[in-house]
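# Descriptive structure summary
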Amino acid sequence: YYLTGKYAGKSASLVASAAFIYSGYTSSRIYAGHVDLFTTAVWIPWVIYSFLSVSQNPRQRKFIILSILSLTFLILAGYSAYLVFTVEFLILQIVFLIIKKTTAIRRILISLFFIFITSLGIASIQWLPTWQLTSNSIRGGGLPYELASWGSLPISGLKLFLDPLDRSELNKINFNIGGGPLENPFDHFPGRIALIIIFIFVSYQLLTRLIPGKRRKINIDTHFWLFLT
């Protein structure tokens, strides 16, 4: 709600919050019992919100502290895949800030670097032993391609993002809940409503550029969010 509130009004923020909480992806994770994913995912909006706030107000200590806390809790939450995805987003966000020539970019980069280092230092009580454990496990020596790619989604599996119960596609996945004996859904299904909302928005923007007349100015960050989506 606070994150989308940077770009939209209260009603739009509530819709976005509902899409995040009640999406097909979230619902299927509840069904599958992936509690560890939720304990990590709840921190992602806070990390993004706080980092955006720092990029807009790099001298505000409260946003720097909020960024450190949210990123530290995200690391300590334990699901490392979400941490990797979030860090990838933050890197892309920094690149985007540089591309659009954000003012005080040097100050922003210094603040973000300080946040990263501080959070890693605080959370090192967890990630250092985890790193050591990983290096001593079977994954430490690397995995053969056949094992590393086991359960990968084939190109035809993209249909599952629209129809999470397509049994013919689920049976092609030999990992996770796909391919099991029960009618389990595809657990990365985003939900048709969220996809429809994005499609309508993109279609509307294209039409307004084809039809002459007054156009509503769109925040340049919208293109960045659509690219990530």
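Fair warning: this is a prediction, and the values are worked out from it, not measured in the lab.

Moving on to the packing of aromatic side chains. Counted by the stated rule, this structure contains 14 aromatic pairs. Judged by centre distance (5.9 Å) and plane angle (80°), the ring pair of Tyr1 and Tyr2 falls under edge-to-face. Considering the side-chain rings of Phe96 and Phe224, the 4.6 Å spacing of their centres and the 15° angle between planes classify their relative orientation as stacked. Of this pair, Phe96 sits in helix 6 (residues 80–99) while Phe224 sits in helix 11 (residues 221–228), placing them 128 residues apart in sequence. Overall, Phe96 belongs to the buried group, its relative accessible area being 14%. Cluster of aromatic residues (ring-pair linked, three or more members): Tyr7, Phe89, Phe96, Phe224 and Trp225.

Here we take up the confidence of the model for the chain. The predicted coordinates should not be examined in detail at positions where pLDDT is low. Mean pLDDT over the chain works out to 83, with 93% of the residues at or above the 70 mark. Per-element mean pLDDT across the chain ranges from 76 in helix 2 (residues 24–32) up to 93 in helix 5 (residues 61–77).

What counts, and at which threshold
- Residues numbered from 1 in each chain as written.
- Predicted model: local features only at pLDDT ≥ 70, side-chain atom pairs only at ≥ 80, totals over all residues.
- Heavy atoms only, no water.
- Phe/Tyr/Trp six-rings, centres within 6.5 Å; stacked < 30°, edge-to-face > 60°.
- Helix = DSSP H or I, 4+ residues; strand = E, 2+ residues; numbered from the N terminus.
- Buried < 20%, exposed > 50% of the residue type's maximum accessible area, 1.4 Å probe, protein only.
- pLDDT = per-residue confidence, 0-100.

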